[in-house]
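Summary of the model geometry
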Amino acid sequence: GAGVSQSPSNKVTEKGKDVELRCDPISGHTALYWYRQSLGQGLEFLIYFQGNSAPDKSGLPSDRFSAERTGGSVSTLTIQRTQQEDSAVYLCASSPAVEASGRAREQFFGPGTRLTVL
Amino acid sequence: AQSVSQHNHHVILSEAASLELGCNYSYGGTVNLFWYVQYPGQHLQLLLKYFSGDPLVKGIKGFEAEFIKSKFSFNLRKPSVQWSDTAEYFCAVNARSSNTGKLIFGQGTTLQVKP
């Protein structure tokens, strides 16, 4: 089956513009995650969706960042009024639901969207 | 807050050398531990994971890691590296009590293996 896909693969935008990044998770995966990979910063958690539960937005760096997940499948990460410090690779991952025991499941990552803000 | 520290940022080895990459985390509760790898031009992929039981876990491509609870460590090892192991390696922790799969990653270690 298909893996996690993300689009676009590259996005160059001007400071102040809004951008939308898309993630198509693996079919049947109820959990979806967004991470950000900045140079020298490693991977930083942004937001987590699980089924119909309220998302965990604790990693979003500012109110310019938002995300939604429609129909429990596709997710869109929106960055408003982009700044140069938003330049990074944005990674999406999906997994089956966390087990009742708390045991996390393997996350499958997409190829990422490289965002460059000029 | 949880954090993960990878002490080696850039490691250069010759083929057949042994590898150990350090990973320490800060969290007092029960954790799930992971090592992910990103080969050049490829997606992040799971190398190995620890949930419970035997603290020595084996992953793909001959990698293994040992969970030492008293040291809050989960170091990655391989007895003999190959040129194809050149990649970036990330240690990650998930707090079981969070009931989410949210991963906290270390900053990564770039491994360069010289042929």
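See the structure shown above.
What this report covers is the structure whose coordinates are included nearby. (Residues numbered from 1 in each chain as written. Chains lettered and ligands numbered in written order. Predicted model: local features only at pLDDT ≥ 70, side-chain atom pairs only at ≥ 80, totals over all residues. Heavy atoms only, no water.)

1. Quick word on the overall build of chain A
Selection criterion: By definition, any uninterrupted DSSP run of H or I lasting at least four residues is a helix, any uninterrupted run of E lasting at least two residues is a strand, and each is numbered from the N terminus. Here the globule rule is a power law, 2.2 Å times the number of residues to the power 0.38, and the radius of gyration is based on C-alpha atoms. Note on classification: 1.4 Å probe, protein chains only; a residue is buried when its accessible area is under 20% of the maximum for its type, exposed when over 50%, partly exposed between these limits. Contacts between residues were defined by any pair of non-hydrogen atoms, one from each residue, lying within 4.5 Å. Each accessible area value is a Shrake-Rupley result obtained with a 1.4 Å probe; residue values ignore everything except the protein chains displayed when judging cover. Lys and Arg are tallied as positive, Asp and Glu as negative. Neither His nor the chain termini are counted. Every charge is mapped onto a representative atom, which is NZ of Lys, CZ of Arg, CG of Asp or CD of Glu.
Within chain A one finds zero helices and ten strands. When the helices and strands of chain A are read in sequence order from the N terminus, they spell out β-β-β-β-β-β-β-β-β-β. A globule of 118 residues ought to have a C-alpha radius of gyration of about 13 Å, and chain A, at 14 Å, matches this closely. If one aligns the C-alpha atoms of chain A with their principal axes, the spans along those axes are about 45 × 30 × 30 Å. In chain A, which comprises 118 residues, the share counted as buried stands at 48%. Taking contacts inside chain A between residues at least 6 apart in sequence as the whole, the part at least 24 apart equals 56%. Working note: accessible area of chain A is about 5,600 Å², and carbon and sulfur atoms make up 45% of it. Side-chain charges in chain A split into 12 positive and 12 negative, and the spacing between the mean points of these groups amounts to 1 Å.

2. A few points about the overall build of chain B
The helix and strand inventory of chain B stands at zero helices and twelve strands. Of the regular secondary structure in chain B, the N- to C-terminal order runs β-β-β-β-β-β-β-β-β-β-β-β. By its C-alpha atoms, chain B is 45 × 25 × 20 Å across when sized along the principal axes. For chain B, with 115 residues in total, the buried portion stands at 48%. In chain B, the share of contacts with a sequence separation of at least 24, taken over all contacts with a separation of at least 6, comes to 55%. Charged side chains of chain B number 10 positive and 7 negative; the gap between the two group centres comes to 7 Å.

3. Some remarks on the interface of chain A and chain B
For the record, the criterion: Once two parts are put together, the accessible area they lose, assessed with a 1.4 Å probe and summed over both, is termed the buried area. For this document, the term salt bridge refers to a Lys or Arg side-chain nitrogen within 4 Å of an Asp or Glu carboxyl oxygen. Under this definition, polar contacts are N or O atom pairs within 3.5 Å; protein pairs additionally need one hydrogen-donor-capable and one acceptor-capable atom, and for neighbouring residues in sequence, both atoms have to be side-chain atoms. Under the grouping applied here, Gly and all other residues not named as nonpolar or charged are polar, the nonpolar ones being Ala, Val, Leu, Ile, Met, Phe, Trp, Tyr, Cys and Pro and the charged ones Asp, Glu, Lys and Arg.
Facing the 23 residues of chain A at the interface are 21 residues of chain B. Taking both sides of the interface into account, the surface hidden between chain A and chain B amounts to around 1,900 Å²; carbon and sulfur atoms contribute 57%. Across the contact surface, chain A and chain B share one salt bridge. Its salt-bridge partner being lysine 102 of chain B, residue aspartate 56 of chain A comes within 3.7 Å of it at the nearest N-O pair. On inspection of chain A and its partner chain B, the count reaches seven residue pairs in polar contact (both at pLDDT 80 or more). Those elements that place two or more of their residues in the side of chain A that touches chain B are strand E4 (31-38) and strand E5 (42-50) of chain A. Considering every element that reaches the side of chain A that touches chain B, the biggest residue donor is E5 of chain A, with four residues. Grouping the amino acids of the side of chain A that touches chain B by side-chain chemistry returns ten nonpolar, nine polar and four charged.

4. Quick look at the side chain of histidine 29 of chain A
Its location among the elements puts histidine 29 of chain A in the loop between strand E3 (19-24) and E4. Excluding residues within four positions of it along the chain, histidine 29 of chain A makes contact with Arg69, Gly72, Ser94, Ser95, Pro96 and Phe108 of chain A.

5. Some details on the layout of surface pockets
Condition: A 1.4 Å probe that fits but cannot get out identifies a cavity on a 1 Å grid over protein atoms alone, an open set with protein on both sides within 12 Å along at least five of seven lines counts as a pocket, and a residue lines either if it has an atom within 4 Å of a point. Grid points are joined across faces, edges and corners, and a volume is the space filled by probe spheres set on the points.
Volume-wise, the largest pocket comes out at about 460 Å³. Secondary structure elements with two or more residues in the lining of the largest pocket: E4, strand E8 (88-95) and strand E10 (113-117) of chain A together with strand E10 (87-95) of chain B. When its residues are assigned to classes, the lining of the largest pocket shows seven nonpolar, 16 polar and two charged.

6. Describing the nonpolar core
Residues and elements named next belong to chain B. For clarity, the threshold we go by: For our purposes a nonpolar core is just a set of buried Ala, Val, Leu, Ile, Met, Phe, Trp, Tyr and Cys residues, chained together by side-chain atoms within 4.5 Å.
By size, the foremost hydrophobic cluster in this structure holds 28 residues, and its most contacted members are Leu33, Trp35, Leu47, Leu48, Phe74, Leu76 and Tyr89. At the level of secondary structure, the elements contributing two or more residues to this core comprise strand E2 (10-14), strand E3 (19-21), strand E5 (31-38), strand E6 (44-50), strand E8 (64-68), strand E9 (73-78), E10 and strand E12 (109-114). Residues within four places of leucine 47 in sequence aside, it is in contact with Trp35, Tyr36, Val37, Gly59, Ile60, Phe63, Leu76 and Tyr89.

7. As for the side chain of serine 95 of chain A
Turning to its location among the elements, serine 95 of chain A is positioned in strand E8. In this structure serine 95 of chain A comes out as buried when scored by relative accessible area, which is 1%.

8. Topic: the sheet that holds strand E1 (residues 5-7) of chain A
All names here are of chain A. We count it as follows: The criterion for strand pairing is that DSSP finds at least two bridges linking the strands in question. Angles shown run from 0 to 180 degrees and are taken between the N-to-C directions of axes, each axis being a line fitted to C-alpha atoms and, for helices, limited to the stretch in contact.
Judged by pairing direction, the sheet is antiparallel, and its four strands sit side by side in the order E1-E3-E7-E6 without closing on themselves. Edge positions in the sheet fall to E1 and strand E6 (65-69), since each has one partner strand and no second. For this sheet, the mean inter-axis angle between neighbouring strands, taken without regard to orientation, is 15°. As judged from the five bridges shared by E6 and strand E7 (residues 75-79), these two strands associate in the antiparallel manner. Paired with phenylalanine 65 across the bridge in E7 is isoleucine 79.

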